[in-house]
Amino acid sequence: MAISNFELQKLEDERDELAREFDEKVKDLSNLYAGDAAVPGLLEDLMDLNEQYNAQDRFIECGGYYE
């Protein structure tokens, strides 16, 4: 079942927010030293955000139909 254009726009907005969050995490990571204890957590956050973004993007690209 397809979703409405309104719902699709909402999903696109959420995808864009995920991209902004990802960029913020990358900026945070770039401000740390390689040995900093926060690095593994930030890398995990980046991987999670990337997976969420990619799933959202695939869903949007197929017009709201589940693959």
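Reading the values: rules and limits
- Residues numbered from 1 in each chain as written.
- Predicted model: local features only at pLDDT ≥ 70, side-chain atom pairs only at ≥ 80, totals over all residues.
- Heavy atoms only, no water.
- Helix = DSSP H or I, 4+ residues; strand = E, 2+ residues; numbered from the N terminus.
- Buried < 20%, exposed > 50% of the residue type's maximum accessible area, 1.4 Å probe, protein only.
- Contact = heavy atoms within 4.5 Å.
- Areas by Shrake-Rupley, 256 points an atom, 1.4 Å probe, with all protein chains shown as cover.
- Salt bridge = Lys/Arg side-chain N within 4 Å of Asp/Glu carboxyl O.
- Polar contact = N/O pair within 3.5 Å; in protein donor to acceptor, adjacent residues only side chain to side chain.

**Q** Please explain the overall build of the chain as it appears in this structure.
**A** Of regular secondary structure, the chain possesses two helices and zero strands. Across its three principal axes, the chain shows a C-alpha extent of roughly 50 × 20 × 10 Å. Expressed as a percentage of the 67 residues in the chain, the buried residues total 18%. Summarising the internal contacts of the chain: among those between residues at least 6 apart in sequence, 62% fall at separations of at least 24. Of the roughly 5,100 Å² of accessible surface on the chain, a fraction of 52% belongs to carbon and sulfur atoms.

**Q** Just to check I follow, could you spell out the pattern of salt bridges for this structure?
**A** Where charged atoms from two side chains of opposite charge approach closely, those side chains can pair. Applying the stated rule across the entire model yields five salt bridges. A salt bridge links D57 to R15; the nearest nitrogen and oxygen atoms lie 2.6 Å apart. Here D57 is found in helix α2 (residues 39–61), whereas its partner R15 is found in helix α1 (residues 5–30), with 42 residues between them in sequence. You can call D57 partly exposed: its relative accessible area is 23%. Close ionic contact of D45 with K25 constitutes a salt bridge, the shortest N to O distance being 3.1 Å. On the criterion of sequence distance, the pair formed by D45 in helix α2 and K25 in helix α1 is long-range, its members being 20 residues apart.

**Q** Even after reading the chapter, I still don't get the side chain of R15, so can you show me in this structure?
**A** Judged by its relative accessible area of 13%, R15 is buried. For R15, the residues in contact, after removing those within four places along its chain, are Y53, Q56, D57, I60 and E61.

**Q** Mind showing me how you'd approach the environment of N31 here?
**A** The residue N31 is located in the loop between α1 and α2 in this model. On the accessibility criterion, N31 (58% relative accessible area) is exposed. Here the side chain of N31 touches K27 through a polar contact of 3.1 Å, landing on its backbone oxygen.

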